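Observations on the three-dimensional arrangement
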Number of protein chains: 2
Amino acid sequence: MTLTGQFFIAGERRGAGETFHAYDPGKGASIEDIGFFTSTEQDIADACAAAEEAAVAYANLPLERRAVFLEAIASEIEALGDALLSRACAESGLPLPRMTGERGRTCGQLRLFAAEVRDGQWLKLRIDHGDPRRTPPKPDLRLRMIPLGPVAVFGASNFPLAFSTAGGDTASALAAGCPVVVKGHPAHPGTAELVAGAITKAAADTGMPAGVFSLVTGTGNAIGAALVADPRIQAVGFTGSRSGGEALMKIAASRPQPIPVYAEMSAINPVILLPNALANRGKALAAGYVASLTMGSGQFCTNPGLVLALEGPDLDAFLAEAGALVEAQAPQTMLTAGIHSAYEKGSAALAATPEVITVARGIHPTGPHEGRTALFSVAARDWLAKPDLQHEVFGTSSIVVRCADRAQLLEVLRGLEGQLTATLHMDEADNDDARALLPVLERKVGRILANGWPTGVEVGHAINHGGPYPATSDGRTTSVGTLAVDRFLRPVAYQDMPESLLPEALREGGQRGMITRLDGAWHLS
Amino acid sequence: MTLTGQFFIAGERRGAGETFHAYDPGKGASIEDIGFFTSTEQDIADACAAAEEAAVAYANLPLERRAVFLEAIASEIEALGDALLSRACAESGLPLPRMTGERGRTCGQLRLFAAEVRDGQWLKLRIDHGDPRRTPPKPDLRLRMIPLGPVAVFGASNFPLAFSTAGGDTASALAAGCPVVVKGHPAHPGTAELVAGAITKAAADTGMPAGVFSLVTGTGNAIGAALVADPRIQAVGFTGSRSGGEALMKIAASRPQPIPVYAEMSAINPVILLPNALANRGKALAAGYVASLTMGSGQFCTNPGLVLALEGPDLDAFLAEAGALVEAQAPQTMLTAGIHSAYEKGSAALAATPEVITVARGIHPTGPHEGRTALFSVAARDWLAKPDLQHEVFGTSSIVVRCADRAQLLEVLRGLEGQLTATLHMDEADNDDARALLPVLERKVGRILANGWPTGVEVGHAINHGGPYPATSDGRTTSVGTLAVDRFLRPVAYQDMPESLLPEALREGGQRGMITRLDGAWHLS
């Protein structure tokens, strides 16, 4: 597939007039091979109109056809071959092995959601039979989940494949039966065009309604704002900065019809080193910590930006060990010029804070847009006095908070904003400490790890990649894993509906293989 | 139980200073027996602090104890006897049989949610076993739902019992494991005090943490605003006007941590009379319609405010029949002076609209705050040209839209805002028409009825009392039925957590009787 610079509206390539170029952060230079067209207001309106037109037809296709469509997207992405990988690497500064892995994750995710469509338990069937002899007569009620309608998805800078055009939000919305309009991230427009071409081909080959997918592109915020404001859009998926997510939330809340926004935004992911673990294996913990912190230039939402431990010689030894490892860290290219400069600013601000100790810095960068690893520490009382220290510094920066005692550690945890994850490093002798912390952590985060590192989010059924605000805009949901489908569904009940007009799954005995709540009792028929 | 005019903060009666009085709309006069105290900012803060303090303890009680608490509330409400009913009737103008029925519904609902707590399937257990041999090693992940934290509930004017202090929002939030702070509706403060006393006694008798329930009271909007703005409140349940719901949504969205608002607000509940049904049983339909319209002085969120049918002699006959029935309707006391005057204003505005025909008015009121039934009709083209005609007129007012043909009927439906319900009256020969309308109705409403009337919302498992905006603020949820519990839950995943620290239900083999998604497959163990 050759790049044309065009975007896609309901199966057709489009684009004229104004163009912008991609940027190679590793080279510090624009990629001049192709200009990418900017979608107009009319393009956005056309994409939304086509999505609305496709909504009922797509929602009511047999589930098997929806599943086949998702699988075809995965195959078409694989068929793009190395061209996709090299383009994505050039546009993100990420190395080839990472991009190969991310492609595997993206296609695996599409196939997982295809299986989820077939599984169908997200329909959440419920039947309460009527009783005409009751006073007043009891109606027959049958309930299922249906798709919300067209969904807007924003490509993420830090995952050009797995959280972008055909990423988790798109895959879960399509799985739920919702047409999708993607706003491509301007940092990787070529990657977006290639993937959108794959989706468009898969949609045509599997006979989907044309409006099931569109891609709009451009720089600046106006395109995304117009997309979220369009009355046909019924939900929004976003992964990115807190300011970006909050801007979309404001637009969504001030529409004549407010709509849900699923924004995955900001987290520093506290890691708690409990005393026995710290004493018995501080060196291994330091190695694991620095590896998690620096993976992918620290550009993960689950990056361990905060470590908590009790003051003492064990923590001093851990800091010395981690500091030595940080000093040996080579700088890595960051995703965009903007992200790199925000990192420099954020880490410099920490370094300049009088109460904050710079434990170590990584090797000084020599290439463009390289981030220099930064390890800080601060006393808990100072942390508590300076709420600004909580703000995420996106990249390889982390701060160790030295707590005077258990009460202070608890106070720091209680004062944290909502987080995606919290991690406990613990030996068996730390069990009582862990048990005391768990109820506090449950209130604060979406995923609690023991003796692991928060980076590396398993895509599965029991994962939760979400958390209380501001980790996400809606802590009731996850953006990774099969539970993500639920975000795009809502219940409809049918009362005394003639059998022939009911959806098949709600007819008498039509629940083959489905969990059904039948007159209150649960059946796995 | 004797009224004291006090409210309840975490098990203690409180109140001093400023008071207000209840009002008997049937008599058109204040009820001077007792003055009700207004909660201060400090009272609200204390209620929220106590709720937060109780949150972890209440969430982690054995489910059986939570269920027993809900059942004790029902018993204590019943133990209040006739005093509760007569007070609620005086404060609402509603007749005794209705209030007796509403008490039955309220207590039945509490017991249903107690059973739902025991059922426990809302925990949504998921386990993905790990695999240390995979590269990278696959973690062990286990997920369950946990309560959101303290919930603010607003008493509703139109259901002094079933949607107020111990109503559906309170019952479902308590069932989910969330402490509740109720803002009592100022129209029925005595009812609120009696019911809050019952809850407080039930909480003490069953050993609940004191902060599990509080009631704050007062007139004006400041108390509710302060409650929703309190940082400890994590969700809001509300039933009332669109303007009231939207005001709370604004406050919730502009908090440093925005929170979900479940507001059930506004609907006109279209009823479609399909041609064969209209021809074959227009007279019976007219009788059913007028009965549904006038029940409870029309003060239901599911009141049939809109009827759609094709022009012709059958519709003319229906209108004549319904008009004759409306003319014989006695006026009924409305809930409050404010609701009555809004009804008078709304129905007068319809009557004064040149395109709107006044088909019939009920008998002229003679008592205070009585609403006079109003039946209007309008041509579909005029309806389409005047979007304001869609606004709900709360009370016994309804409008019949005469459609020139099926295309115009569809256009009217497509132009509707979100609704709680839609109703099809149909004979078998109308099946094709119904089939064509269903996909449109599914996009617009939360419950679709055939050959029934939308008033009378069955409390059960397969009910959905919700719908797209502005019927509710969050169409993904229901405020009636067991699915309402889900509103107050969010997922937490545990990764590689030692067995002894896992919640019991997530330990190996700890899923007794629970539906569990185990490595992707569903088990009803």
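Everything quoted here is computed from the prediction, not taken from an experiment.

Some remarks on the domain arrangement of chain A
All names here are of chain A.
- Here chain A is described as being made up of domain 1 (41–265 + 476–487) and domain 2 (270–450).
- The centre of domain 1, based on its C-alpha atoms, is set 33 Å off from the matching centre of domain 2.
- Contact residues are listed per partner, giving 12 residues for domain 1 and 12 residues for domain 2.
- Both faces combined, the contact of domain 1 with domain 2 buries some 880 Å², and carbon together with sulfur accounts for 57% of it.
- One can count 1 salt bridge joining domain 1 with domain 2.
- For Arg 242, the salt bridge is made with Glu 417, and the minimal N-O distance between the two is 3.2 Å.
- In this structure, the connection of domain 1 to domain 2 is made through 2 residue pairs in polar contact (both at pLDDT 80 or more).

A look at helix 8 (residues 242–253) of chain B
Residue and element names in this part refer to chain B.
- Taking 1.5 Å as the rise per residue, helix 8 with 12 residues should run 16 Å; its terminal C-alpha atoms sit 16 Å apart, in good agreement.
- Within helix 8, the full set of buried residues consists of Gly 245, Leu 248, Met 249 and Ala 252. The buried residues of helix 8 occupy an angular sector of 105° when the element is viewed end-on, so they sit on one face. Structural note: helix 8 exposes Ser 243 and Lys 250 on the side pointing more than 90 degrees away from its buried face.
- Summarising the contacts, the buried residues of helix 8 are in contact with strand 7 (151–154), helix 7 (222–229), strand 10 (235–239) and strand 11 (261–264).

Looking at the packing of aromatic side chains
- Counted under the stated rule, the structure contains 16 aromatic pairs over all chains.
- With 6.2 Å between their ring centres and 25° between their planes, Tyr 289 of chain A and Trp 453 of chain A make a pair best called stacked. Taken together, the residues Tyr 289 of chain A in helix 9 (residues 275–294) and Trp 453 of chain A in the loop between strand 20 (445–450) and strand 21 (489–495) connect sequence positions 164 residues apart.
- Assessed through its relative accessible area of 18%, Trp 453 of chain A is described here as buried.
- One aromatic cluster in this structure is built from Phe 159, Phe 163 and Phe 300 of chain A.
- In this arrangement the basic side chain of Arg 98 of chain B is found over the ring face of Phe 159 of chain B, its NZ or CZ atom lying 4.7 Å from the centre.

Details of the packing of helix 2 (residues 63–79) of chain B against helix 6 (residues 189–205) of chain B
All names here are of chain B.
- Across the interface, helix 2 lies against helix 6 with an axial gap of 8 Å and an inter-helix angle of 135°. Taken as axis vectors, helix 2 and helix 6 run oblique relative to one another. Crossing angle aside, the handedness with which helix 2 passes helix 6 is right-handed. Contacts between helix 2 and helix 6 involve Phe 69, Ala 72, Ile 73, Glu 76 and Ile 77 from the former and Val 195, Ala 198, Ile 199, Lys 201, Ala 202, Ala 203 and Asp 205 from the latter.
- Looking at the contact of helix 2 with helix 6, its residues break down into 9 nonpolar, no polar and 3 charged.

Structural notes on the interface of chain B and chain A
- Listed as interface residues are 75 residues of chain B and, on the opposing side, 75 residues of chain A.
- With a shortest N-O distance of 2.8 Å, Arg 517 of chain B and Glu 116 of chain A are connected by a salt bridge.
- Inspection of the chain B/chain A interface yields 44 residue pairs in polar contact (both at pLDDT 80 or more).
- Per-element tally for the side of chain B that touches chain A: the top contributor is helix 14 (residues 431–444) of chain B, with 8 residues.
- Here the residues of the side of chain B that touches chain A are counted per class, giving 38 nonpolar, 15 polar and 22 charged.
- Summarising the sheet, strand 20 of chain A and strand 21 (residues 489–495) of chain B pair through 3 bridges and their orientation is parallel. Paired with Arg 447 of chain A across the strands is Ala 493 of chain B, a residue of strand 21 of chain B.

Some words on the pattern of salt bridges
All names here are of chain A.
- Taken as a whole, this structure holds 64 salt bridges over all chains when the rule is applied.
- The partner of Arg 118 in a salt bridge is Glu 71, with the nearest N and O atoms 2.9 Å apart. Residue Arg 118 is found in helix 4 (residues 96–119), and its partner Glu 71 is found in helix 2 (residues 63–79); the two are separated by 47 residues along the sequence.
- According to the relative accessible area criterion, Glu 71 is partly exposed, its value standing at 25%.
- For Asp 169, the salt bridge is made with Arg 487, and the minimal N-O distance between the two is 2.9 Å. Here Asp 169, found in helix 5 (residues 168–176), pairs with Arg 487, found in the loop between strand 20 and strand 21; they are 318 residues apart in sequence, far enough to count as distant.
- Accessibility expressed as a relative area gives 6% for Asp 169, which makes it buried.
- The class for Arg 487 is buried, based on a relative accessible area of 2%.

Let's talk about the sheet that holds strand 17 (residues 374–379) of chain B
- Taken in spatial order, the 12 strands line up as 23(A)-22(A)-5(A)-6(A)-21(A)-20(B)-19(B)-12(B)-13(B)-18(B)-17(B)-15(B) in an open sheet, and their pairing is mixed. The sheet is open, and its two borders are formed by strand 23 (521–524) of chain A together with strand 15 (357–361) of chain B, each paired with just one other strand. Taking each pair of neighbouring strands and ignoring which way they run, the sheet shows an average axis angle of 20°.
- Its contacts with the sheet put helix 10 (residues 313–327) of chain B on strand 12 (270–273), strand 13 (306–310), strand 15, strand 17 and strand 18 (397–403) of chain B, and the angle it makes with strand 15 of chain B is roughly 45°.

Things to note about the relation of the copies chain B and chain A
- Of the two same-sequence chains, chain B is brought onto chain A (RMSD 0.0 Å, axial shift 0.0 Å) by a rotation of 180°. What the superposition gives is, in effect, a two-fold axis relating one chain to the other. Among all residues of chain B, the minimum C-alpha distance to the rotation axis is found for Leu 524 of chain B, at 3.5 Å.
- A shared binding surface is used by both copies, with 100% of the interface residues of chain B retained as interface residues in chain A.

Procedures and definitions
Residues numbered from 1 in each chain as written. Chains lettered and ligands numbered in written order. Predicted model: local features only at pLDDT ≥ 70, side-chain atom pairs only at ≥ 80, totals over all residues. Heavy atoms only, no water. Domains from an automatic or database assignment. Contact = heavy atoms within 4.5 Å. Buried area = accessible area lost by both parts, 1.4 Å probe. Salt bridge = Lys/Arg side-chain N within 4 Å of Asp/Glu carboxyl O. Polar contact = N/O pair within 3.5 Å; in protein donor to acceptor, adjacent residues only side chain to side chain. Helix = DSSP H or I, 4+ residues; strand = E, 2+ residues; numbered from the N terminus. Expected span 1.5 Å × (residues − 1). Buried < 20%, exposed > 50% of the residue type's maximum accessible area, 1.4 Å probe, protein only. Arc of directions from axis to C-beta. Phe/Tyr/Trp six-rings, centres within 6.5 Å; stacked < 30°, edge-to-face > 60°. Lys NZ or Arg CZ within 6 Å of the ring centre and 35° of its normal. Axes fitted to C-alpha atoms, helices over the stretch in contact; angles between N-to-C directions. Parallel < 35°, antiparallel > 145°, perpendicular 65-115°, else oblique. Left-handed = near helix turned anticlockwise from the far one by under 90°. Nonpolar A, V, L, I, M, F, W, Y, C, P; charged D, E, K, R; others polar. Pairing = 2+ DSSP bridges. Least-squares fit on C-alpha atoms with pLDDT ≥ 70 in both.

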